[in-house]
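The chain contents come next:
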Amino acid sequence: MDSRIQTLASAELFRGLPAPTLERLAALAVRRELPPGAYLFRQGEPRKACWIIAEGQVEVLRDNGEGPEPLIILGPGETTGEGALLRPSHHSSTAQTLGPALVLELDREAILDSLAQDGRAALDVLQRVALTVLRRVSYGGLGRTGRDQAYASVVTRTESDLLGSAEVPADALFGIQSLRALENFPITGIPLAHFPELVRALAMVKQAAARANARLGLLEPGIARAIDRAAQEIVDGHWHGHFLVDVVQGGAGTSTNMNANEVIANRALELMGRARGDYQACHPNEHVNLSQSTNDVYPTAVRLATVLMLRRLLGALEQLKAALHEKGRTFQGVVKMGRTQLQDAVPMTLGQEFEAFAVTTGEDIDRLRETARLFLEVNMGGTAIGTGICADPRYPQAVVEELRRVTGLDVQLATNLIEATPDTGAFVMFSGVVKRAAVKLSKLCNDLRLLSSGPRCGFQEINLPALQPGSSIMPGKVNPVIPEVVNQIAFHVIGNDLTLTLAAEAGQLQLNVMEPILAFNLFQSLQMLTAGVNVLTTRCIRGITANAERCRTMVENSIGIVTATLPALGYKRATEVAKEALETGVPVREIILRRGWLTEAELDEILSPDAMTQPRPLG
């Protein structure tokens, strides 16, 4: 009982509750020892309990139709599922242990029944739950208006910079420079937190820098440990809502860098037992940004974030490739007409068509992987323009070594930091490959829309899954909405590539100040393309069926099959057959038999599916 009370009292959700209330909760708490990989709850399940982590770690993930996405890693003293204490609902995420874990389970019905007997206790507990939810919403990447409302009438703290003083919300981990950027750049309404991989990459860079500085004796060990822990929490998914500077900004990413510096500094201060804003103990610039400049931190973080985001796109493309391969196998016996210039060409199988889609998708996967390796070369230690001013000569190699450990990636130091600092060539090349993938994906979707056109007056060779009514006025109409949306995503990616190209060209002298718009467009392309590939796979490709009879009828009535008779008839006779078939509508087979040029058995062999859809020896 005592250990359960201590665990509850140490949890932020219940910290400070009166002893009788803690005892009431502890009496109902069930102690559970869980193995690695155990689920506390799964997305879509009814909320039945609140969980307090006593030992170990729990990862919370959400699947928005694109596969599980890590949201946050929770540790001792943290809770999950607390929404169960507010109202009956279903979990919007999944919680799973990362290793052996000890948790306390508070059953929803048991807790609410108990609290119903003590109004004061009920008010205390539900108020805590509501405040926790409110805090998450307030810093959950809301738009500018939502943030203004979230900050209204809150307690503030005073911070100062070279331009003067300003009031910062007391519960904000960000500081005055982030606040100024928030006011100066109401551009897209999209905060840094919209791209969690960028936030994690920034934290990884700061963590590696703190470790390198401590290793070289440049940063006091206690401060370094606090920065390290704060950065790791961000890597684990905490505090992302405090990264609310607009992604697109002037200053070559300085506001992004300072947003990271301030959040990490203030969280480090809390871990050191200090108040937020007490920068004498841990300063955003002097400690968190030690040996760094925006001009090496920002491009390095953007490169790392690109690699992290690419993993999700590659995973989506791999699933698409597998689904296309499966359709290739399923449709291998369905003979159809191939077409060139939208005119009948020669027969093929529907399986061959889908197998070709799979192969071209695999090529894009390979090219993306190859080009992404360029992002593993970084300019850390170059500081302002690559000369390494304000950094120890040992620092560049040390920070890259630490960055390798932190990221698990084969990060390498650029051979010439002055050249590497303004260079954005890797982004131009990679964006071109992303554009290539989008263009080819769009072509695939064009083909799907053509092949499924109809249902009576089009090609009608395949059926796409019917997902929604297609018209507000035409009854029964169903549209190919998934290929259509993927087409639009591809158009956007193509436009993003042009913006990125212009941003790369606009660099001047020792720095490219246009990197924020470059990063925004690249991240947007990766994010949208990943979503598009996922919905194409799950809501379209896997549900496609073939109209085999329709395909066979079109082959038999096509003039294009005359090409298969070329080796036997020769070009002149085959042309005569094609001309007569076109003018009279008489099938090719009937014309050849009537003219006595081939026997029925010979035609059966020549016009067999195997003969028409693959190479065969001549003679």
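Residue positions are given per chain, counted from 1 along the sequence in the order it is written. For this predicted model, a pLDDT threshold of at least 70 governs which residues receive local features, and a threshold of 80 or more governs which side-chain atom pairs are given and counted, while totals over whole chains, interfaces and linings are taken from all residues. Calculated side-chain values reflect all of the structure's heavy atoms, with hydrogen atoms and water omitted.

**So, the overall build of the chain**
- Helix and strand counts for the chain stand at 23 helices and 16 strands.
- With the C-alpha coordinates aligned to their principal axes, the bounding extent of the chain is approximately 100 × 70 × 45 Å.
- In the chain, which comprises 619 residues, the share counted as buried stands at 50%.
- The criterion used for residue contact is that any of the two residues' heavy atoms lie within 4.5 Å. For the chain, long-range pairs separated by at least 24 residues make up 72% of all intrachain contacts whose partners lie at least 6 apart in sequence.
- For the chain, the accessible area works out to roughly 28,000 Å², and carbon and sulfur atoms hold 54% of it. Under the DSSP-based scheme used, a helix requires at least four consecutive residues in state H or I and a strand at least two consecutive residues in state E, with every element numbered from the N terminus. Only protein chains enter the accessibility calculation, which uses a 1.4 Å probe. A residue is then buried if its area is under 20% of the maximum for its type, exposed if over 50%, and partly exposed in between. Only the protein chains shown count as covering a residue, and every accessible area follows the Shrake-Rupley method with a 1.4 Å probe.

**Notes on the sheet that holds strand β6 (residues 79-80)**
- As summarised here, the arrangement of the 4 strands in space is β1-β8-β3-β6, forming an open sheet in which the pairing is antiparallel. The open sheet has two free edges, formed respectively by β1 (30-34) and β6, since each of these has just one partner strand.
- Paired strands, as defined in this entry, are two strands with at least two bridges between them according to DSSP. Two elements, strand β3 (residues 49-55) and β6, share 2 bridges in a ladder whose sense is antiparallel. Residue pairing across strands places I52 opposite T79, the latter belonging to β6.
- Packing of helix α1 (residues 2-10) onto the sheet brings it into contact with β3 and β8 (101-107), and relative to β8 it is tilted by some 85 degrees. Axis definition: a line fitted to C-alpha atoms, limited for helices to the stretch in contact. Angles are taken between N-to-C directions and run from 0 to 180 degrees.

**Some thoughts on the pattern of salt bridges**
- The rule for a salt bridge is simple: a side-chain nitrogen of Lys or Arg has to be within 4 Å of a carboxyl oxygen of Asp or Glu. In the structure shown here, the tally under the stated rule is 35 salt bridges.
- Between E363 and K440 there is a salt bridge; the shortest N-O distance is 3.5 Å. Pair noted here: E363 is in helix α12 (residues 350-372) and K440 is in helix α15 (residues 425-451), with a separation of 77 residues, a long-range link.
- Residue class for E363 comes out partly exposed when judged on its relative accessible area of 34%.
- Three or more residues are tied together by salt bridges with common partners; here these are K572, E576, E580, R594 and R595.

**Topic: the packing of aromatic side chains**
- Think of it this way: a Phe, Tyr or Trp ring, Trp meaning its six-membered ring, pairs with another when their centres are within 6.5 Å, and the plane angle makes it stacked under 30 degrees, edge-to-face over 60, tilted otherwise. This structure, assessed with the given rule, holds 6 aromatic pairs.
- Judged by centre distance (5.5 Å) and plane angle (55 degrees), the ring pair of F195 and F523 falls under tilted. Here the residue F195 occupies a position in the loop between α6 (176-184) and α7 (196-215), and F523 occupies one in helix α17 (residues 515-539), the gap between them amounting to 328 residues. In this structure, F195 and F523 share a single accessibility class: buried.
- An aromatic cluster is defined as three or more aromatic residues linked by ring pairs; in this entry it consists of F195, F520 and F523.
- Cation over ring: R42 sits above Y39, and NZ or CZ is 3.6 Å from the ring centre. Charge-over-ring placement is defined geometrically: NZ (Lys) or CZ (Arg) within 6 Å of the ring centre, and within 35 degrees of the ring normal.

**A closer look at the side chain of E233**
- With respect to the secondary-structure elements, E233 resides in helix α8 (residues 221-235).
- Once you skip the residues sitting within four places of it in the chain, E233 turns out to touch H238, W239, R267 and L271.

**A word on the sheet that holds strand β2 (residues 39-41)**
- The 4 strands lie next to each other as β2-β7-β4-β5, forming an open sheet whose pairing is antiparallel. Each edge of the sheet is formed by a strand with only one pairing partner; in this case those strands are β2 and β5 (68-74). Neighbour to neighbour, the strand axes of the sheet diverge by 30 degrees on average, direction disregarded.
- Of the pairings in the sheet, the one linking strand β4 (residues 58-63) to strand β7 (residues 94-97) comprises 4 bridges and is antiparallel in character. In the sheet register, V58 faces β7, and the bridge partner there is T97.

**Concerning the pairing of strand β12 (residues 343-349)**
- Sheet topology places strand β11 (residues 335-340) next to β12; 5 bridges connect them, and they run antiparallel. If you follow T340 over to β12, its bridge partner there is Q343.
- What sits between β11 and β12 in their antiparallel hairpin is a turn of 2 residues, with Q341 showing a positive phi close to 55 degrees.

**Some words on the environment of R405**
- Checked against the element boundaries, R405 lands in helix α13 (residues 395-407).
- Measuring from C-alpha to C-alpha, the distance between R405 and M204 comes to 9.8 Å, with 201 residues separating the pair along the chain.

**Observations concerning the environment of L74**
- With respect to the helices, strands and loops of the structure, L74 is situated in strand β5.
- Classification of L74 by relative accessible area gives buried; the value is 7%.
- With 27 residues separating them in the primary sequence, L74 and A101 have C-alpha atoms 11 Å apart.
- Apart from residues no more than four positions distant in its own chain, L74 is found in contact with I53, G56, Q57, V58, V60, T79, T80 and H238.

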